[in-house]
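The chain contents come next:
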Amino acid sequence: MLLKRIIPCLDVNEGRVVKGVQYVDHVDAGDPVEVARLYDAQEADEITFLDITASHEGRRILLDVVARTAESVFMPLTVGGGVRSLEDVRNLLNAGADKVSVMTAAVTDPDLVADATARIGSANLVLAIDARAVSDDGGVLVPSERGAAAEPPAGAALAPLVPGESRWEVCTHGGRQPTGIDAVAWAVAMAEAGAGEILLTSMDRDGTRVGYDLPMLRAVCDAVPIPVIASGGGGSAEDMAAALDDGAEGGHAQAALAASIFHFKQTTVGEVKRRLLELGIPVRPPSDAAA
Amino acid sequence: MPTAPPVIAVVDYGFGNVRSVAKALARSGLAPEVVGDPAAVRRADGVVLPGVGNFADAAASLREKGLDDAVREALSAGRPYLGLCLGLQLLFEDSDEHGQTPGWGILPGVVRRFPARDAAGAPLRVPHIGWNQVRFRGDHPMLSGLPEEDCYYFVHAYRAVPARDDLVVGVADYGGELAAAVARERVFAVQFHPEKSQMSGKRLLDAYAGWVEQCR
């Protein structure tokens with residue numbers, strides 16, 4: 001059977017890992033390649049690099065980091081952040097990324113996902129969605145000021161809130177820019193356009209370690225026919241188990257991504273997986289050698 | 001005097017990450033050469049055809065570069081072939097990814113998209129992405145070096161549907177029985193990515209190295 005995945009994520013800037021990441025001895029915590037090696041030894045199921053580099057120069061540095069990583073570890077690597085065009089996607093795949101994720105560019109250029117997947121196939125293109133819950137104050141939803149998108153794509157605009165219903169709005173630019181796009185409708189539209197997987201981040205939960213946004217996850221997972229990676233808020237193995245649980249209260253996700261709980265030595269991928277197996281979540285069992 | 005390690009042509013035709021495949025083969029004691037010209041494919045002791053992406057474009061690129069004929073010649077000469085992902089799919093008769101495209105027809109069967117529902121009628125998420133268990137069967141020489149069951153990394157929306165069951169030497173479960181590994185004589189191919197499958201991937205490439213050595 002297909003197993004659920006645990007995915008550590010690194011933020012990378014100008015070729016270096018950002019955030020005060022702490023690691024055990026002799027790991028250069030700033031070098032993405034070293035950190036990828038560490039997670040490879042822990043038998044992570046995939047690793048994700050999120051590039052936050054703004055400069056053009058930095059993009060070339062990233063390609064080098066991706067190439068060195070692909071030559072150093074024998075595990076799947078997803079790269080996202082600042083991917084603007086089909087050419088960017090191709091360059092990253094050729095450098096050694098196994099999957100490439102797009103976010104803002106998919107909003108600003110609605111044809112990008114369809115064009116890219118027609119060329120490279122859908123399996124290697126991930127659509128990243130950053131979303132926030134829209135507050136239900138009992139009134140009519142006031143559409144937020146439009147962000148990068150001129151108009152939300154047909155059928156994906158946020159509908160007025162019905163009391164008791166939840167909605168989530170797609171954001172860009174690190175969650176600062178609301179778009180007026182409904183996250184569930186957007187996920188459905190992009191899956192139809194050919195996206196192979198969705199990386200769904202709750203901007204309300206990101207960095208909080210209080211658990212994933214399960215209602216949002218469930219709404220997206222149940223609406224799309226492609227795999228979904230849960231992101232934002234994962235603070236423990238129990239949180240991941242909830243996100244991956246296929247039951248009525250679970251998140252129904254196929255993979256759980258987390259950053260800080262692994263980076264700060266709070267736990268290892270091996271420890272998390274052993275706990276998930278105890279909790280009845282089917283993950284790839286860590287070998288005796290896994291940290 | 002120790003003999004030099006077998007030279008393996010890793011066919012580079014612009015589809016997929018040949019470097020990580022070459023690195024993984026070197027880790028298993030082989031001497032990989034990333035090659036794009038037919039002569040180099042004909043010279044090698046073994047041929048590895050990786051590949052991700054679109055079947056039609058990949059088939060066209062191999063033909064344009066004359067690499068498909070070179071691979072066939074290497075096969076006729078009995079060089080052990082290892083196909084990875086598209087390198088498995090291209091062996092079959094045709095694929096319907098972006099219109100009907102002929103494959104090499106070395107193995108009988110076709111390549112089709114996963115159905116939207118599994119055998120029991122439940123929705124099936126496509127692509128098939130992640131680690132899945134593969135059970136090996138049959139008596140191909142590659143299998144002597146492998147455990148009966150191991151976990152590998154898959155990422156694909158299309159899969160081979162072999163016309164004959166005896167070609168299938170590794171089975172995974174995804175919406176029904178999935179041909180994860182197929183083989184006949186000097187052809188062995190897998191739908192998953194050993195170069196991305198950590199230690200289980202290394203075990204498979206070690207088995208390939210052993211088989212190449214036997215065939216020399």
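What this report covers is the structure whose coordinates are included nearby. Throughout this document, residue positions are counted from 1 along each chain, in the order its sequence is written. Whichever chain is written first becomes A and whichever ligand is written first becomes 1, with later ones labelled in order. Where totals are concerned, whole chains, interfaces and linings use all residues; where local detail is concerned, this predicted model gives features only for residues with pLDDT of at least 70, and gives and counts side-chain atom pairs only at 80 or more. Only hydrogens and water are set aside; all other atoms, that is, all heavy atoms of the structure, feed into the side-chain values.

Some words on the overall build of chain B
Helix and strand definitions follow DSSP, with helices as H or I runs of at least four residues and strands as E runs of at least two, each counted in order from the N terminus. Assigned secondary structure in chain B consists of six helices and 13 strands. Computed over its C-alpha atoms, the radius of gyration of chain B comes to 16 Å, within 12% of the 17 Å expected for a compact globule of 216 residues. A principal-axis box enclosing the C-alpha atoms of chain B has dimensions of 60 × 40 × 30 Å. For every residue, the accessible area obtained with a 1.4 Å probe (protein chains only) is divided by the maximum for its type, and the residue is called buried under 20%, exposed over 50%, and partly exposed between those limits. For chain B, the residues scored as buried account for 60% of the 216 residues in total. Pairs at least 24 apart in sequence give 68% of the contacts found in chain B among residues at least 6 apart. A total of about 8,000 Å² of accessible surface is found on chain B, and carbon and sulfur atoms cover 49% of it. A residue counts as positive if it is Lys or Arg and as negative if it is Asp or Glu; His and the chain ends are not included. The atoms used to mark charge sites are NZ of Lys, CZ of Arg, CG of Asp and CD of Glu. For chain B, the distance from the average position of its 23 positive side-chain charges to the average position of its 26 negative side-chain charges is 3 Å. Throughout, radius of gyration means the C-alpha value; the globule benchmark is 2.2 Å times the number of residues raised to the power 0.38. For this analysis, residues touch if any pair of their heavy atoms sits within 4.5 Å. We get accessible surface area from the Shrake-Rupley algorithm with a probe of 1.4 Å; when it comes to residues, only the shown protein chains can shield them.

Focus: helix α3 (residues 55-64) of chain B
Residue and element names in this part refer to chain B. Within the sequence span of α3, burial applies to F55, A56, A58, A59, S61 and L62. Definition of a polar contact: a pair of N or O atoms within 3.5 Å, with one able to donate and the other able to accept a hydrogen when the atoms are protein atoms, and with sequence-neighbouring residues admitted only if both atoms are side-chain atoms. You can read the cap of α3 off the contacts: a side-chain oxygen lies 2.9 Å from the backbone nitrogen of A56, and it is on N54. Positive backbone phi, approximately 75 degrees, marks G66, located one or two places after α3.

Re helix α10 (residues 269-278) of chain A
Residue and element names in this part refer to chain A. Taken together, the buried positions of α10 are V269, G270, V272, K273 and L276. The arc enclosing the buried residues of α10, seen along the axis, measures out at 160 degrees, which places them on a common side. G280 sits one or two residues past α10 and shows a positive phi near 85 degrees. This arc is built from the directions going out from the helix axis to the C-beta atoms.

Some thoughts on the pairing of strand β11 (residues 255-258) of chain A
Residues and elements named next belong to chain A. Of the two faces of β11, the one carrying A255 and L257 and the one carrying A256 and A258 are both buried. As paired strands, strand β1 (residues 5-13) and β11 are joined by four bridges and run parallel to one another. The partner of I7 across the bridge, within β11, is L257. In this sheet, β11 lies alongside strand β10 (residues 228-231) in parallel orientation, the contact comprising two bridges. Across the sheet, I229 pairs through a bridge with A255, a residue of β11. Pairing between two strands is assigned when DSSP locates at least 2 bridges connecting them.

Observations concerning the interface of chain B and chain A
The partner chain A presents 39 residues to the 35 residues of chain B that form the contact. When chain B packs against chain A, close to 3,000 Å² is buried across both sides, 51% of that on carbon and sulfur atoms. Reported buried area values correspond to the accessible surface (1.4 Å probe) lost by two parts on association, with both partners' losses combined. Three residues, R125(B), W131(B) and Q198(B), lead the burial of chain B against chain A; their summed loss comes to 25% of the area buried on that side. When a carboxyl oxygen of Asp or Glu lies within 4 Å of a side-chain nitrogen of Lys or Arg, that pair is called a salt bridge. Seen at the junction of chain B and chain A, the total is three salt bridges.

What to know about the sheet that holds strand β6 (residues 101-102) of chain B
Residue and element names in this part refer to chain B. Strands sit in the order β6-β5-β7-β10 across an open sheet of four strands; the sheet is mixed. The open sheet has two edge strands with one neighbour each: β6 and β10 (158-162). Where strand β5 (residues 94-95) and strand β7 (residues 109-113) come together, two bridges link them in parallel fashion. Its bridge partner lying in β7, S95 is registered against V111.

What about the packing of helix α6 (residues 183-193) of chain A against helix α7 (residues 214-223) of chain A?
All names here are of chain A. Between N-to-C directions, angles span 0 to 180 degrees; the directions come from axes that are lines fitted to C-alpha atoms, helices contributing only their stretch in contact. Contact geometry for α6 and α7: axes closest at 9 Å, N-to-C directions at 30 degrees. By the angle class used here, α6 and α7 are roughly parallel. Viewed along their axes, α6 and α7 form a crossing whose handedness is right-handed. In this structure, α6 uses V184, A187 and V188 to contact α7, whose residues at the interface are A219, V220 and A223. Polar here means any residue other than Ala, Val, Leu, Ile, Met, Phe, Trp, Tyr, Cys and Pro, which are nonpolar, and Asp, Glu, Lys and Arg, which are charged; Gly is therefore polar. When its residues are assigned to classes, the contact of α6 with α7 shows six nonpolar, no polar and no charged. In this scheme, roughly parallel covers angles under 35 degrees and roughly antiparallel covers those over 145, while 65 to 115 is roughly perpendicular and the rest are oblique. Note on convention: the crossing is left-handed when the near helix lies turned anticlockwise from the far helix by less than a right angle, right-handed when the turn is clockwise.

A few points about the packing of aromatic side chains
All names here are of chain B. Ring pairs are drawn from Phe, Tyr and Trp, using the six-membered ring of Trp, whenever the two centres fall within 6.5 Å, and their geometry is named by plane angle: stacked under 30 degrees, edge-to-face over 60, tilted for the rest. As enumerated under the stated definition, the model contains eight aromatic pairs over all chains in all. Between the aromatic rings of Y13 and F15, the centroid separation amounts to 5.5 Å while the plane-to-plane angle is 25 degrees, which identifies the pairing as stacked. What makes F15 buried here is its relative accessible area of 15%. Between the aromatic rings of W131 and Y153, the centroid separation amounts to 5.8 Å while the plane-to-plane angle is 65 degrees, which identifies the pairing as edge-to-face. Note that W131 is positioned in strand β8 (residues 128-136) and Y153 in strand β9 (residues 149-156), a separation of 22 residues in sequence. The pair W131 / Y153 is uniform in exposure class, with both members buried. Joined through ring pairs, the aromatic side chains of F136, Y152, F154 and F192 make up one cluster.

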